[in-house]
Amino acid sequence: MTTAAARPAVGAPLVERVLARYRERTLAELLRHIPEQSPPYLYDLAADYPTRPCKGLRAALCLATCAAFGGRPERALNPAVTVELFHNAFLVHDDIQDGSELRRGEPTLPARYGVEVALNVGNATNLLGLRRVMANRRALGGELAWRLFEETELMCRQSLEGQAMEIGWIRDNACGLTSADYYRMCLKKTSWYTFLYPCRSGLLVAEGAGTDAARLDRFGWYLGAAFQIQDDVLNLVGEAEEYGKEIAGDLWEGKRTLMLIQLLERATPAERARVVRHLSLTRSQRGPGAAEDVAWLLDRMTAYDCVAHAQEAAAGLVAAAAREIEAVLAGAPAAADGPSDGGADAEEAAEARAFLLALPDFVVARGR
């Protein structure tokens, strides 16, 4: 059987084109709102992660969803900037919590400037995101601005709860987790702020404050879980130059991925004891044999088909996401029936729909 992870993404050129266009728009608007006057090591560094090479997926999802459902993407530009700012703040804080060394092919902010500077920059980036949320009132009206504020609060709450789950598992050396535990963490940590929040925001801008923003939730949940699994797989077997982060960093950090959970379930008692012992230590506590332990873990995951199992799970989630977006778009008004004026707007709406339809396969075919 050919899985989505194994076959080429037919719509990849279209997806890449839409991502590049919307990233350019979002980045220009984002940089326009970063204060020029700043103490050293603050707002100037808030622009660091956003300007590094990246796909800009979350902002593009917000703009494409707005266009696909008949809205004007320019009205969703400020919400897209909001999505991108909160995303980059999460990345800075993630890098501090995980002790990560690389982000998008360069040293992380904590690695380059220290934890104190990075923490403050992450907080400042959240503040900039909050200012963009406030700006919606003037641009979109009070009722819609309030709905977008509620969506932002919900996303932050869900994401923080998911992050707490992952941090707690590492801190408590949880070794009895199930796949269901992992998927619940994915829903909260990844699906909400990577897919559900951008889609719901774009849909609200397109259809107004009274719309059912949850119509795309199952699409976002399935795609978010597949996205996280693919990210975990790439961390183990990706190409370092394209991936842009430390290969096998998750094994060094003790992250509870679907592969690790499978390994703990399938390993012999002696092997399981070695895995648990490795996970009980922090990166700084491990001795000179740590690299050998990480290589052994990767070898055992391969031997027990843990990576292949995860890829099959991602393929199933992608298929479910594809069915969901096809069904939702089939029930939505065609581009010509929406509030666009035809011409370029209708063309962009059609391309945005094609982007959403092609995105599931793209998620598991990407290299970073």
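Conventions we followed
Residues numbered from 1 in each chain as written. Predicted model: local features only at pLDDT ≥ 70, side-chain atom pairs only at ≥ 80, totals over all residues. Heavy atoms only, no water. Salt bridge = Lys/Arg side-chain N within 4 Å of Asp/Glu carboxyl O. Helix = DSSP H or I, 4+ residues; strand = E, 2+ residues; numbered from the N terminus. Buried < 20%, exposed > 50% of the residue type's maximum accessible area, 1.4 Å probe, protein only. Expected span 1.5 Å × (residues − 1). Patch = residues over 30% accessible without salt bridge, like charges linked within 9 Å, V, L, I, M, F, W, Y side chains within 5 Å. Areas by Shrake-Rupley, 256 points an atom, 1.4 Å probe, with all protein chains shown as cover. pLDDT = per-residue confidence, 0-100. Contact = heavy atoms within 4.5 Å. Polar contact = N/O pair within 3.5 Å; in protein donor to acceptor, adjacent residues only side chain to side chain. Axes fitted to C-alpha atoms, helices over the stretch in contact; angles between N-to-C directions. Parallel < 35°, antiparallel > 145°, perpendicular 65-115°, else oblique. Left-handed = near helix turned anticlockwise from the far one by under 90°. Core = buried A, V, L, I, M, F, W, Y, C linked by side-chain atoms within 4.5 Å.

## Regarding the pattern of salt bridges
Item 1. Evaluated as defined, the whole model comprises 24 salt bridges.
Item 2. When the shortest N-O distance is used, the salt bridge between Asp 98 and Lys 255 registers 3.0 Å. Of this pair, Asp 98 sits in helix H5 (residues 77-98) while Lys 255 sits in the loop between helix H12 (249-253) and helix H13 (258-266), and the two are 157 residues apart along the sequence. We note that Asp 98, like Lys 255, is buried.
Item 3. Linked through salt bridges whose partners overlap, the residues forming this network are Arg 147, Glu 150, Glu 151, Arg 200 and Asp 217.

## Some details on helix H10 (residues 217-237)
Item 1. Across its 21 residues, H10 extends 30 Å between first and last C-alpha, which sits within 8% of the 30 Å expected from 1.5 Å per residue.
Item 2. The element H10 is largely enclosed, with a buried count of 17 among its 21 residues.

## Quick notes on a nonpolar patch on the surface
Item 1. Where nonpolar side chains cluster on the molecular surface, the patch consists of Leu 127, Leu 130, Met 134, Trp 146 and Phe 149 and spans about 510 Å² of accessible area.
Item 2. Structurally, Phe 149 is set in helix H8 (residues 142-171).
Item 3. Residue classification places Phe 149 among the partly exposed positions, given a relative accessible area of 33%.

## Regarding the confidence of the model for the chain
Item 1. Across the chain, pLDDT averages 91, with 92% of residues at or above 70.
Item 2. pLDDT under 50 marks residues 1-9. Its contacts with residues more than four places away, or in other chains, come to 12 contacts.
Item 3. The low-confidence segment residues 336-343, where pLDDT is below 50, has eight contacts with residues more than four positions distant or belonging to other chains.

## Considering the environment of Ser 159
Item 1. By the element assignment, Ser 159 lies in helix H8.
Item 2. The spacing of Ser 159 and Val 121 is 38 residues in sequence and 19 Å in space, taken between C-alpha atoms.
Item 3. With residues near it in sequence (within four places) discarded, Ser 159 still touches Phe 90, Lys 188, Lys 189 and Tyr 193.
Item 4. At 2.8 Å, the side chain of Ser 159 and the backbone oxygen of Met 155 are in polar contact.

## So, the packing of helix H4 (residues 57-68) against H5
Item 1. One can describe the packing of H4 onto H5 by two numbers: an axis separation of 8 Å at closest approach and a directional angle of 155°. Overall, the two elements H4 and H5 adopt an arrangement that is roughly antiparallel. For the crossing formed where H4 meets H5, the hand is right-handed. In contact with Arg 58, Ala 59, Cys 62 and Leu 63 of H4, H5 contributes Leu 77, Pro 79, Ala 80, Val 83, Glu 84 and His 87.

## Considering the nonpolar core
Item 1. By size, the foremost hydrophobic cluster in this structure holds 83 residues, and its most contacted members are Phe 69, Ile 229, Phe 355 and Leu 359.
Item 2. The element that contributes the greatest number of residues to this core is helix H16 (residues 306-330), accounting for 11 residues.
Item 3. Residues within four places of Leu 359 in sequence aside, it is in contact with Val 15, Leu 57, Leu 61, Phe 195 and Leu 223.
Item 4. Counting residues in hydrophobic clusters, the runner-up holds 15 residues, among them Tyr 49, Phe 86, Val 133 and Cys 156.

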